Amino acid sequence: MLNNNFFSTLLVILIVSILSGCKIQEDIAGKECININMSRNLIPYNTFINSIDSVKITDNDELFFSTIEDICVGDSSLFLLDAMSNVLKISHYSGKVEKIINVKGHSDAECISAKAITNSNDNVFILDMYGLKILTLDNNLNFIESIRLPVAAMDLAVIPNGFLLFNLSCGEGEDLVVSIDRKGNFQNQYIANKGIPDVILSKHIFTESPDGIVIVPPLQNKLFIYDDSTDTISLQYDFSFNTENPEEIKLEEELNLPNAPTVVFETEKYIITNYLANQKMGTCIYNKKNGNTSSGLIKTKTFYPFSPMVLKDDILYAVYERDPSFGQEKGYVILKYELKK
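Residues numbered from 1 in each chain as written. Predicted model: local features only at pLDDT ≥ 70, side-chain atom pairs only at ≥ 80, totals over all residues. Heavy atoms only, no water.

Student: Please clarify how the packing of aromatic side chains should be interpreted in this entry.
Tutor: Both the distance between ring centres and the angle between the ring planes are used here to describe each pair of aromatic rings. The tally for this structure, following the rule as stated, stands at nine aromatic pairs. A ring pair is formed by Tyr 190 and Tyr 226, whose centres lie 6.3 Å apart and whose planes are at 80°; its orientation type is edge-to-face. A residue pair is termed long-range when its members are at least 10 positions apart, and Tyr 190 in strand S16 (residues 186–190) and Tyr 226 in strand S20 (residues 222–227) qualify at 36 residues. Judged by its relative accessible area of 1%, Tyr 226 is buried. With a centroid separation of 5.9 Å and an interplanar angle of 70°, the aromatic rings of Tyr 237 and Tyr 286 are classed as edge-to-face. With Tyr 237 in strand S21 (residues 232–242) and Tyr 286 in strand S24 (residues 280–287), this pair connects stretches of sequence that are 49 residues apart. Across the pair, exposure class does not vary: Tyr 237 and Tyr 286 are buried alike. Lying across the ring of Phe 163, Arg 182 places its NZ or CZ 5.1 Å from the centre. (Phe/Tyr/Trp six-rings, centres within 6.5 Å; stacked < 30°, edge-to-face > 60°. Helix = DSSP H or I, 4+ residues; strand = E, 2+ residues; numbered from the N terminus. Buried < 20%, exposed > 50% of the residue type's maximum accessible area, 1.4 Å probe, protein only. Lys NZ or Arg CZ within 6 Å of the ring centre and 35° of its normal.)

Student: Would you mind going over the pattern of salt bridges with me for this structure?
Tutor: For side chains of opposite charge, pairing can occur when their charged atoms come near one another. By the definition in use, this model includes six salt bridges. Across the pair Glu 98 and Lys 89 runs a salt bridge whose closest N-O atoms are separated by 3.9 Å. Assessed through its relative accessible area of 10%, Lys 89 is described here as buried. Residue Asp 128 is joined to Lys 133 by a salt bridge in which the shortest nitrogen-to-oxygen separation is 2.9 Å. With relative accessibility at 3%, the residue Lys 133 sits in the buried group. Here the salt bridges do not stand alone but share partners, grouping Glu 69, Lys 115 and Lys 203 into one network. (Salt bridge = Lys/Arg side-chain N within 4 Å of Asp/Glu carboxyl O.)

Student: Honestly, the sheet that holds strand S7 (residues 86–91) in this entry has me stumped. Any pointers?
Tutor: As a general point, the strands of a sheet are linked pairwise by backbone hydrogen bonds and lie either parallel or antiparallel. Read from one edge to the other, the open sheet built from four strands follows the order S5-S6-S7-S8, with strand pairing classed as antiparallel. Both outer strands of the open sheet, strand S5 (68–73) and strand S8 (97–102), are each paired with one neighbouring strand and no more. Put simply, the sheet's adjacent strands are angled 15° from each other on average, direction ignored. Relative to S7, strand S6 (residues 77–82) is paired through five bridges, and the arrangement is antiparallel. Within the sheet, the bridge partner assigned to Leu 78 lies in S7 and is Ile 90. (Pairing = 2+ DSSP bridges. Axes fitted to C-alpha atoms, helices over the stretch in contact; angles between N-to-C directions.)

Student: Sorry, what's going on with the pairing of S20 here?
Tutor: The two faces of a sheet get side chains in turn, since along a regular strand they alternate between them. Counting buried positions along S20 gives five out of six residues, so the element sits mostly inside the fold. Of the pairings in the sheet, the one linking strand S19 (residues 212–215) to S20 comprises four bridges and is antiparallel in character. Counterpart to Ile 215 in the pairing with S20 is Phe 224. Of the pairings in the sheet, the one linking S20 to S21 comprises six bridges and is antiparallel in character. Its bridge partner being in S21, Phe 224 is matched across the sheet by Leu 235. Counting the residues in the hairpin turn of S20 and S21 gives four residues, including Asp 231, whose phi is positive at 55°.

Student: Got a minute to help me understand the environment of Ile 271 in this structure?
Tutor: In this structure, Ile 271 sits in strand S23 (residues 270–277). Sequence-wise, Ile 271 and Ile 34 are 237 residues apart; in three dimensions their C-alpha atoms are separated by 9.1 Å. Look past the residues within four positions of Ile 271 in its chain and what remains in contact with it is Ile 34, Leu 223, Tyr 237, Val 264, Phe 265, Glu 266, Cys 284, Ile 285, Tyr 286 and Lys 288. (Contact = heavy atoms within 4.5 Å.)

Student: Could you clarify how one ought to interpret the nonpolar core in this entry?
Tutor: Among soluble globular proteins, nonpolar side chains are generally buried collectively. Counting 21 residues, the largest nonpolar core has Leu 164, Val 177, Phe 206 and Ile 215 as the members making the most contacts within it. Taken together, the elements giving at least two residues each to this core come down to strand S13 (153–159), strand S14 (162–167), S19, S20 and S21. In terms of residues, this core owes the most to one element, S13, which gives three residues. Setting aside residues up to four positions removed in sequence, Phe 206 forms contacts with Asp 155, Leu 156, Ala 157, Leu 164, Leu 165, Phe 166, Val 177, Ile 213, Val 214 and Ile 215. With 19 residues, the next largest nonpolar core counts Ile 272, Tyr 304, Tyr 320 and Leu 339 among its residues. (Core = buried A, V, L, I, M, F, W, Y, C linked by side-chain atoms within 4.5 Å.)

Student: Can you help me understand unusual backbone geometry in this one?
Tutor: Note: most peptide bonds trans; most residues except glycine with negative phi. The phi torsion at Asn 221 lies on the positive side, around 55°, for a residue other than glycine. Take Asn 221: it is sitting in the loop between S19 and S20. For Asn 221, a relative accessible area of 19% gives the class buried. Positive phi outside glycine occurs at Asp 314, with the angle close to 65°. Looking at the element boundaries, Asp 314 is found in the loop between strand S26 (310–312) and strand S27 (315–321).

Take a look at the structure:
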């Protein structure tokens, strides 16, 4: 069953890398710095959210799926990938489960280790990390083709002429992000690095933005943007973490995880950053128009932590397991956070 506790979810997604030796990152600074105050302040959701809508996921039979690996959103459907390689097509208006398939296996139409899902136009794409391929499905989850990959990848994003991949095969002289065309042919590489860190706090490296793709490499505290029009990646922001009373933080050494952003969403108005700081999860809201920053816990008046997974058309989406201990029916729910513009 899903566990929606922030810290427990973080521990589930910790990924230990056995790879290192990537190209050294250039010592450059972003255009601006987003200062995250590591406080436990409660931030009312209506400071940046217009409304919150919930849609119960329904099915004729009792619905069960495993821990969520990833979701993506189309015009009317939400596509969900779980840890058991189940793929669900769900109406994000009604919550009706329209189709369920399982892609676990070793054939061209299956995945050894399905880790990420994304979509574009009428296609859905599933990344098979260990199988070194991308499954291409149509909008009704019918198999179309399998695209072989030149590198092992943990996350993917769709770009106009192919895909961006977070490169787990990064060796000497190679970079963290590579682009390939729709046939799997190598095109370019971006973002040099000292090496993939031993701990990766989030497997979600890419998110969509109005200007292209937001890229937050593990533990670099930097935000890059891939520009669709120029096929280039540029450093836009640095993150810094500040606390008024660092001496108050007393932690066991084995739990001393680094301060870092875990997932970042950018709109025309905001940069919304979920982060780990002082071993606790929080959210930073940076207003690009006036430069104001608020950090802490988002008070949503719902049963669920503010833990969005995908952004589309100024709406953040998340999927949660309903909690019977709060008097709710057993099942799952989609939350939509409509952002202010």
